[in-house]
Every structure is written in structure tokens, then in C-alpha cells.
Amino acid sequence: ALQVTIETVTDIPERGFIQILAPLGFNFSDDCYIMRSADPLASDEPNLDCAHVLTPSGPRIRLTVPMLTTLRHGKLFFSILAENPRVSIRNNLDSATPCGTAICWLFNSFRVPAGAAIEELDRGTAARGYSIGERMLEARIPTLSSLQTYSTGRDDRPTQKNNVIFAFQL
């Protein structure tokens, strides 16, 4: 899941929205499901309706404030199901982009007044993306024998400390 932390300085009224323009190649689940962030200090996920469309410049995610609701300004922590691009991409410096590198994520907030044109609320911002390496062939948590479980100190009972073992094939 894609972990997102953004901060708005303006309340976003009903029907208003936060827009995220993702770089080309990123894929989002069809239902655009918003989840709680993995950050242990994060609050619950915001009450927003999520939709996305693919545009020529990349996926556009729209997080809309439901009717009779206002999204109060402040930090928002949430996750969206996403998949990295399937090809390797280097995030080289690029002074012609808003974030200064080839891969940028663009964020804006808008309100939609009744009978009027959409208005930008907070000034938009851009965040640098990251390079995408080659996909792993396999990553998993292997099943351990009784001897391996004992030898590594593994204890799967509730509230017990554990040594988790991961297996990777590159």
C-alpha cells in the first residue's frame, strides 16, 4: 500500500477534494480503497470518497469530502492500495519538473461551490518520487520446521517477542 501523509492549511468543505497526480506506471486498485496508515502515530484514516482515473500524465486520484461533512485542516495519514510500475525507472534530477526530479507526485486541494467553477484552496505542492528497481522474483515468510523454530527463538504465541524470517529471491 502507498503510505500518504499530507497537511492542509484550509478546511475542505463538502464536495471539495484533494487531488493526487501520480507518476505514470503506478497502478491503483479499481475501488481506490483508503486504509489506515501503517504509521503508529497516525490517526484513523480520513472520511473521504476515493476515485481514480488514468490520464496521459499518470493516474489521478480524487479524495472527495462527503456531503454534510467538512475535512478539518491538519495532517492526514492514510494508505491507498497501489502497485509500483512494472519497469525499472531511475529518478534523475530534472530542473524542468515541479519537484526537481523525473518522478513527481502532485498534490492539490479544491472546493466546488454550488453553481460555480472549481476553486483551488491550498497552494499545490510536488513531492519527489523514488527510483523503481527491478521486481523481486519472490518474497515470503517461510514455513519453519520445529528445529528451525526453536533454533531461531521463534515464538508465535500472542504478546511474545519474535524473530521474523523473510526469504527473498532476486
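Scroll up to find the structure this text is about.
Residues numbered from 1 in each chain as written. Predicted model: local features only at pLDDT ≥ 70, side-chain atom pairs only at ≥ 80, totals over all residues. Heavy atoms only, no water.

Peer 1: Tell me about the nonpolar core, residues and numbers included.
Peer 2: Grouped together as the largest cluster of nonpolar side chains are 23 residues, with contacts concentrated most on Ile 18, Ile 20, Phe 28, Ile 61, Leu 63, Phe 78 and Trp 105. Of all the elements in the fold, those that place two or more residues in this core are β1 (2-8), β2 (17-21), β6 (58-64), β7 (74-80) and β9 (104-111). Residues in contact with Ile 20, not counting those within four places in the same chain, are Pro 59, Arg 60, Ile 61, Leu 63, Phe 78, Trp 105, Leu 106 and Phe 107. (Core = buried A, V, L, I, M, F, W, Y, C linked by side-chain atoms within 4.5 Å. Buried < 20%, exposed > 50% of the residue type's maximum accessible area, 1.4 Å probe, protein only. Helix = DSSP H or I, 4+ residues; strand = E, 2+ residues; numbered from the N terminus. Contact = heavy atoms within 4.5 Å.)

Peer 1: An account of the layout of surface pockets is requested, with residue identities and associated values reported.
Peer 2: Approximately 170 Å³ is the volume found for the largest pocket. Where the lining of the largest pocket is concerned, the elements lending two or more residues are β1 and β9. A class-by-class count of the residues in the lining of the largest pocket yields 4 nonpolar, 5 polar and 3 charged. (1 Å grid on protein atoms, 1.4 Å probe; cavity = no way out; pocket = protein on both sides within 12 Å on 5 of 7 lines; lining within 4 Å. Points joined across faces, edges and corners; volume = space filled by probe spheres on them. Nonpolar A, V, L, I, M, F, W, Y, C, P; charged D, E, K, R; others polar.)

Peer 1: Describe the side chain of Asn 91, naming the residues involved and giving the relevant values.
Peer 2: Residue placement: Asn 91 occurs in the loop between β8 (82-83) and β9. Taking the relative accessible area as the measure of exposure, Asn 91 reaches 15% and is therefore buried. At 3.2 Å, the side chain of Asn 91 and the backbone nitrogen of Ala 102 are in polar contact. A polar atom in the side chain of Asn 91 sits 2.6 Å from the backbone nitrogen of Ile 103. Those residues within four positions of Asn 91 in sequence are excluded, and the remaining contacts are Thr 101, Ala 102, Ile 103, Gly 129, Tyr 130 and Ser 131. (Polar contact = N/O pair within 3.5 Å; in protein donor to acceptor, adjacent residues only side chain to side chain.)

Peer 1: Requested: an account of the side chain of Ser 37, with residues and values cited.
Peer 2: Of note, Ser 37 is situated in the loop between β4 (34-35) and β5 (49-55). Overall, Ser 37 belongs to the buried group, its relative accessible area being 8%. A distance of 3.1 Å separates polar atoms of two side chains, one belonging to Ser 37 and the other to Gln 3. Non-local contacts of Ser 37, meaning those with residues more than four positions away in its chain, are made with Gln 3, Ala 42, Phe 77, Phe 78 and Ser 79.

Peer 1: Give a detailed account of the packing of aromatic side chains, specifying residues and quantitative values.
Peer 2: Under the defined criterion, the tally for this structure stands at 3 aromatic pairs. Summarising the aromatic geometry, the rings of Phe 26 and Trp 105 are spaced 4.9 Å apart at their centres and angled 65 degrees between planes, so their arrangement reads as edge-to-face. One end of the pair, Phe 26, is in the loop between β2 and β3 (27-28); the other, Trp 105, is in strand β9, and 79 residues separate them in sequence. When the ring of Phe 26 is compared with that of Tyr 130, the centres are 6.1 Å apart and the planes differ by 90 degrees; the resulting orientation is edge-to-face. Of this pair, Phe 26 sits in the loop between β2 and β3 while Tyr 130 sits in the loop between β11 (125-128) and β12 (138-140); the two residues are 104 residues apart in sequence, bridging distant segments of the chain. You can call Phe 26 buried: its relative accessible area is 5%. For Tyr 130, a relative accessible area of 37% corresponds to the partly exposed category. Taken together through their ring pairs, the aromatic side chains of Phe 26, Trp 105 and Tyr 130 make up a single cluster. (Phe/Tyr/Trp six-rings, centres within 6.5 Å; stacked < 30°, edge-to-face > 60°.)

Peer 1: How would you sum up unusual backbone geometry? Please name residues and give values.
Peer 2: For Leu 68, which is not glycine, the phi torsion reads 60 degrees and is therefore positive. Note on placement: Leu 68 falls in the loop between β6 and β7. Although it is not a glycine, Thr 159 sits at a positive phi angle of roughly 65 degrees. For Thr 159, the location among the structural elements is in the loop between α1 (146-151) and β13 (167-169).

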